[in-house]
Every structure is written in structure tokens, then in C-alpha cells.
Amino acid sequence: MLSAREVGLVAQREILRNIRSTKGIAMFVLFFLGGLVPAVARLMLRKMAGDVPDEVVRATFEGYLSKQYGGEAIVKHLSSAPPIVFFLFQGTLMFLPLLVLAVGFDQIAGEIQHRTIRYSAGRATRASLVAGKALGIWGIIAVMISVLHLTVWVVSLAQGGQSAGAVLSWGARLLVYSVVCAGAYVGFASLMSSIFKTPIVALFVGAGTGFAIWLLNGILGYFPSTERITWIFPNRYEKLLIDPDPLTVIAGIGLFLLWGGLCVTGATAIVTRRDI
Amino acid sequence: MSEQETPAEEPKSKSKPKTKIDRSGPPAIDLKGVIKRFGAVAAVNDVTFEVPMGSVFGLIGPNGAGKTTTFSMLAGYLAPTSGEIYVLDRSPDAVAELKGKVGVLPQDALLPANERVGDFLVYLARLQGMDAPSARRGAEQVLADVGGADWWSTRCGTLSHGMAKRVGLGAALLGEPQVVLLDEPTAGLDPRVAYEVRQLVKSRRGRCTLVISSHNLQELEEICDHAAILDRGQLITSGTMAELTASSSEVRFELARGPVPEEEMRGVEGVKTVEWDKASRELSVTFDRAVCDAEEMIRRGTYILYQNNARISGISKGRGLEQRVMELTE
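To start, this report covers the structure provided alongside it. None of the values given here were measured: they were computed from a predicted structure.

Basis of the calculations
Residues numbered from 1 in each chain as written. Chains lettered and ligands numbered in written order. Predicted model: local features only at pLDDT ≥ 70, side-chain atom pairs only at ≥ 80, totals over all residues. Heavy atoms only, no water. Core = buried A, V, L, I, M, F, W, Y, C linked by side-chain atoms within 4.5 Å. Buried < 20%, exposed > 50% of the residue type's maximum accessible area, 1.4 Å probe, protein only. Helix = DSSP H or I, 4+ residues; strand = E, 2+ residues; numbered from the N terminus. Axes fitted to C-alpha atoms, helices over the stretch in contact; angles between N-to-C directions. Parallel < 35°, antiparallel > 145°, perpendicular 65-115°, else oblique. Left-handed = near helix turned anticlockwise from the far one by under 90°. Contact = heavy atoms within 4.5 Å. Nonpolar A, V, L, I, M, F, W, Y, C, P; charged D, E, K, R; others polar. Pairing = 2+ DSSP bridges. Buried area = accessible area lost by both parts, 1.4 Å probe. Salt bridge = Lys/Arg side-chain N within 4 Å of Asp/Glu carboxyl O. Polar contact = N/O pair within 3.5 Å; in protein donor to acceptor, adjacent residues only side chain to side chain.

Notes on the nonpolar core
Then, in step 1: Core analysis: the largest hydrophobic core is formed by 150 residues, its most contacted members being L96 and I141 of chain A together with I29, L121, L181 and L182 of chain B.
Then, in step 2: Examining the composition of this core, we find that 16 residues originate from one element, helix α9 (residues 164-195) of chain A, more than from any other.
Then, in step 3: V251, L283, C292 and M297 of chain B belong to the second largest nonpolar core, which has 17 residues in total.

Right under this line is the structure:
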């Protein structure tokens with residue numbers, strides 16, 4: 001049984017624990033430096049190719065969107081986004097599963113391996129412990145993604161050539177979508193971490209499973225006859241988030257959260273039944 | 001008067017109220033036909049016993065006896081394969097009902113290495129339902145009780161084994177729980193710290209029900225008033241400490257310099273053997289329990305010693321817990 005108070009306390013501890021840990025500090029530094037990468041790349045491109053007219057940049061961007069997503073409506077919708085902000089979103093989604101796993105692989109497995117969970121097991125339900133830990137990891141990831149995105153916004157605005165309104169409106173939207181996507185992968189990390197008693201096994205099996213999901217999503221999605229199966233994979237919902245129809249976006253958000261929620265429920269079932 | 005008959009010592013901590021224990025009520029802990037299997041191996045096999053409310057109860061047995069498995073089931077860490085366990089009339093996994101009422105010192109659970117002692121204790125206190133100011137006060141109090149008032153800002157990972165054990169003990173005592181489960185509370189501690197921990201545990205007598213699992217039989221005999229002896233997963237016997245130790249058919253008379261009426265003692269009705277140990281100046285008398293009990297044998301023995309002008313330094317009945325356990329778990 002879940003208790004909001006217990007979940008809140010566990011989540012709070014998980015956030016503080018991560019912020020104070022070497023791993024947490026290293027992650028923040030990496031995310032900050034990661035935010036500088038697009039700006040540096042832009043500077044280097046300018047140096048090599050000189051100033052490219054805005055029209056050329058826009059046409060190239062639209063060409064990319066058309067090739068990637070096809071539909072005219074979606075291309076028109078996305079073409080108003082600053083390219084750097086959009087590519088940041090795509091890059092975030094690409095590395096998000098691995099990053100979430102790197103932060104959250106030991107959240108449960110580590111406590112079971114060292115039996116630290118025994119100190120809290122009699123004080124909070126195991127469902128609250130799992131949910132609180134997942135929520136805490138989600139919070140940490142949300143902060144890390146925000147650090148990354150905010151760094152890119154600031155640098156991008158400082159470099160000029162971008163409308164502040166476009167950067168902030170599209171940036172905020174895509175930041176929220178990234179955090180929503182992270183929710184699903186946090187659930188996945190919780191599930192992996194609950195299955196294994198050894199954190200490193202949870203990390204490697206989780207990474208392997210994540211790669212398999214990505215691969216299967218690509219292969220099955222290629223063939224019209226098997227495309228429907230890809231709905232079981234969270235990667236499938238990414239496209240829904242950038243749809244011009246707000247209802248489709250909401251459905252995408254809901255599917256990501258549902259996927260993450262199901263994984264956390266699975267993790268709870270495993271931890272509740274297992275001997276600790 | 002033996003140790004277990006000695007009235008409970010006054011608790012050292014004066015800031016905590018003494019909880020009145022109702023010994024007439026239901027048992028604090030009740031196990032009925034409990035079995036725990038790991039694959040084909042039954043680590044605990046059909047164990048049934050009760051822990052009286054307010055008692056200091058020892059779980060005794062050699063390695064592999066099933067002590068820690070039984071302990072872990074009481075704490076809710078392991079689910080029994082079959083049988084029933086009730087802690088304060090609830091299943092041990094009823095966390096919502098039992099939180100704050102049961103404190104546990106697990107044997108081999110590591111404290112979170114990167115967290116500070118104070119923060120961790122406050123977190124645990126809050127998790128068991130205390131508000132923030134009470135949690136802080138409670139954490140400071142238990143840390144002071146275990147002699148670790150200076151460790152508040154110390155990272156758990158830098159604590160020595162003994163310090164970590166005491167922090168764990170402090171965590172178990174947070175919030176004045178009604179039942180405290182301690183698994184090997186003095187294992188690996190140096191004699192001085194072990195003594196301090198024993199004193200702390202003794203100070204809790206009468207304030208809660210204590211269940212202590214330990215290899216240290218002298219320690220258990222000193223602290224506990226009830227015990228269960230396990231061997232190879234099965235309950236051998238359980239009862240009060242007086243019952244367990246006095247049920248052996250032996251009385252020991254320690255004599256000061258002077259006559260030792262060994263032969264006269266052999267003539268007493270019911271006596272089976274009489275042994276005189278010169279080094280310890282102890283006259284050990286074993287007797288037929290069907291003829292008389294330990295108290296009667298003490299009466300008869302002291303009468304013979306008195307008649308023969310022997311000077312008695314001390315009398316003890318039974319062989320002590322250690323000897324009793326050795327006999328029962330061979």
C-alpha cells in the first residue's frame with residue numbers, strides 16, 4: 001500500500017543522496033558540459049563554413065524534418081522550432097535511457113545487496129520505498145535535463161541568431177517532453193534494479209535490454225505488418241510528443257507515464273514478494 | 001539470587017518515560033508451526049513458541065540453527081513458507097500497523113555509506129511517523145544513548161564496525177518501540193563496547209519486549225529472562241531462563257578453606273555423583289530429578305555441609321546456560 005508521506009520522504013532522501021554523491025556531482029558536471037557541446041559545435045561550423053544565411057539553415061532543417069517525419073503538417077509545425085533546441089531534444093531522447101539507467105541502476109539492487117533496505121523496510125511499505133525511489137530518481141533526472149537544456153538556451157541566446165520567444169517556448173515544451181520520457185525510463189531502471197541483487201548486473205542487463213528494445217523497435221517498425229507491435233516499446237511514443245495535434249501530444253505523455261507506471265508496479269510486485 | 005531474578009535496573013536515560021508493560025495480555029510474539037525453506041532445505045522447521053510481553057527473550061543455537069532466519073521472519077524480512085507469525089498480534093509484514101512499534105537491529109545490514117549518521121537516523125525516525133522536530137530529538141537521544149553523540153555529522157561509511165553497530169542499535173531504539181529485535185548486538189565488538197551495549201539493553205528491561213539472537217550464551221544468560229533453543233532448524237526447548245538452566249540435575253557448592261565432606265554428600269538420598277574440583281574449590285552434585293528438585297537438593301546439601309563444618313562461599317543450581325545448550329544441541 002502506498003503512503004504519500006512515505007513516498008515523499010523516500011524521494012526526498014533519494015534526491016539528496018544523489019546530489020551529495022560523487023556520481024551525482026559528476027553527472028551534473030557532465031550535463032552542464034553537455035549543454036556547451038551544441039554551442040561549441042555551432043562555433044566550429046561557423047569557423048569552417050562561415051556565416052550560413054538563415055534561409056539556408058531553415059531549408060536544411062525542414063529538409064531534415066521532412067525526411068525524418070514525412071507529413072507536411074508535422075514539418076510545418078516543427079519548422080518554427082529553433083533547430084538547436086530541436087536537436088537538443090532529439091539528442092536528449094537518444095541518450096536518456098542510458099543516462100537514467102546509469103543514475104538509477106543501483107537504487108533498489110544496491111540496497112538489497114548491502115541489506116540497507118532492512119533499516120527502512122519496517123518503517124515504510126515496500127511499495128512506498130520503490131515508488132519513492134523512482135520518484136526521487138525522476139526528480140534528479142529532471143533537474144539534470146533542466147541543467148542541460150537551460151545551458152543550451154542561455155548559450156544559444158547569447159550567441160544570437162535565435163528568437164528568444166522561440167527558444168523559450170519551444171525549449172520549455174521540449175524540456176517537459178524530455179522529462180516525461182524520462183519517467184518511462186526511470187520505471188524501466190526501477191524494474192531492472194528490482195530484479196537483480198547485484199547492481200552491476202542490473203546495469204548491464206538493463207543496458208542490454210534497452211538496446212534490444214531500441215533494435216526491435218527499429219526492425220519491427222520498418223515492416224507495416226509488424227509496426228503495431230512497436231506500441232509496446234516506449235520509443236514508439238516519442239513521435240506522438242511532437243505532433244501538431246495537442247490531443248495526440250497528451251496521448252503520448254499518457255503512454256510514456258503509463259509505461260513508466262507499469263514498470264514501477266512490476267518493480268513493486270517483485271520487491272514486495274522477495275526476501276530481503 | 002540469580003541474575004534473571006534480579007529486579008530490572010533503572011534505565012540510564014532519564015529523559016524517556018518508562019512504558020508500563022502488561023504481562024497478563026497476549027504474547028508480544030507468537031510463532032505457530034513456522035517453516036522456512038530455501039529450495040529443498042528447511043532452515044526453520046515447524047517452530048512454535050511465544051515471547052511473553054515485556055520479557056527479554058533469547059534466541060539461542062549454534063551456527064545453522066535457524067536463529068537468523070527466525071529473526072528475519074519476525075522482522076518481516078523473510079516470509080515464512082508456512083505457519084503463522086504474529087508480532088503484537090499482527091503479521092510482521094503489516095508495516096502500516098507495526099511501524100514505530102517494532103525496532104530492529106539487523107545483523108549484517110550496512111548503513112548507507114555516503115549518508116551522515118544524524119541525517120539517516122532522522123530519516124528513519126520520520127519514516128516511522130515522527131514529525132521533523134521529534135525525529136531530530138529522538139535521533140539525538142538514541143545517539144547519545146549508544147554513546148555516539150559526537151557522530152551526528154560523521155558519514156556512515158567512515159564508522160568502525162563497533163560504531164556502526166551502535167548506530168544500528170540506536171536506529172532500533174528510535175521512538176520507544178514496544179518490541180525490539182536485536183540480532184547479534186555485540187558480535188564483533190570489543191569487550192568494553194560489548195559491555196556498554198549490554199548495559200544499554202538491560203536498561204530497556206521493563207520498557208519493551210526485547211528479543212536477542214546471539215551466540216554469546218553468557219551474555220544471554222545475563223540479559224535474558226526467557227529463551228528458545230534452536231538446533232538444525234528445530235525448536236529444542238523454550239521457557240524461562242530459570243527453567244532452562246535449573247532443569248539440569250546439578251547443584252554446585254563453592255567452599256572456602258576447611259573440610260570438604262565429599263563422602264557424606266554421596267550418602268544423601270537422590271545424589272548420583274559428587275565431584276570435588278580443588279582448583280575452583282567447587283563441589284558439584286548431580287542428583288536424580290525423580291527423587292528431588294534442585295531446591296530440595298540445596299536444602300539437603302547445605303544441611304550436610306553445615307553438619308560437617310564446611311564453609312560455604314556460594315551455591316548455584318544447574319549447569320548454566322552454556323552447559324545446557326551443549327547438552328541439548330549435540
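Brief notes about unusual backbone geometry
Residues and elements named next belong to chain B.
Then, in step 1: Although it is not a glycine, E184 adopts a positive phi angle of roughly 50°.
Then, in step 2: In this fold, E184 is placed in the loop between β6 (179-183) and α6 (191-203).
Then, in step 3: With a relative accessible area of 6%, E184 lands in the buried category.
Then, in step 4: The backbone phi angle of R281 is positive, close to 50°, even though this residue is not glycine.
Then, in step 5: The residue R281 is located in the loop between β11 (271-277) and β12 (282-287) in this model.
Then, in step 6: The exposure class assigned to R281 is partly exposed, which follows from its relative accessible area of 22%.

Side note on the packing of α9 of chain A against helix α10 (residues 199-222) of chain A
To characterise two packed helices, one gives the angle between the axes of the helices and the distance between these axes.
Residues and elements named next belong to chain A.
Then, in step 1: Two numbers describe how α9 lies on α10: the axes approach to 9 Å, and their chain directions differ by 135°. It follows from the interaxial angle that α9 and α10 lie oblique. As for how α9 packs across α10, the hand of that crossing is right-handed. Together, F188, M192 and S193 of α9 and A202, V205, G206, T209, G210 and I213 of α10 make up the contact between the two elements.
Then, in step 2: Tallied by class, the residues present in the contact of α9 with α10 amount to five nonpolar, four polar and no charged.

Some remarks on the sheet that holds strand β10 (residues 250-255) of chain B
All names here are of chain B.
Then, in step 1: Strand order in this open sheet of four strands is β11-β12-β10-β13, and the pairing throughout is antiparallel. Each of the sheet's edge strands pairs with one partner strand only, and the pair in question is β11 and β13 (312-317). Averaged over all neighbouring strand pairs, the angle between strand axes comes to 15°, with direction disregarded.
Then, in step 2: Note: β10 against β13, five bridges, orientation antiparallel.

Topic: the environment of V271 of chain B
Residues and elements named next belong to chain B.
Then, in step 1: In this structure, V271 sits in strand β11.
Then, in step 2: On a C-alpha basis, the gap between V271 and T286 in space is 6.0 Å, while along the polypeptide they are 15 residues apart.
Then, in step 3: Excluding residues within four positions of it along the chain, V271 makes contact with M265, R266, V285, T286, F287 and M297.

Quick look at the interface of chain B and chain A
Then, in step 1: Of the residues lining the interface, 31 residues belong to chain B; the matching set on chain A comes to 24 residues.
Then, in step 2: Summed over the three residues of chain B that lose the most area to chain A, namely Y77, Y123 and L127 of chain B, the buried surface amounts to 26% of that side.
Then, in step 3: Summed over the shared surface of chain B and chain A, the result is six salt bridges.
Then, in step 4: Between D108 of chain B and R118 of chain A there is a salt bridge whose closest N-O contact spans 3.9 Å.
Then, in step 5: Inspection of the region where chain B meets chain A yields 16 residue pairs in polar contact (both at pLDDT 80 or more).
Then, in step 6: Among the elements that make up the side of chain B that touches chain A, the one with the highest residue count is helix α3 (residues 117-127) of chain B (six residues).
Then, in step 7: When grouped by side-chain class, the residues that make up the side of chain B that touches chain A number 18 nonpolar, six polar and seven charged.

Interpretation in functional terms is not warranted from these geometric data alone.
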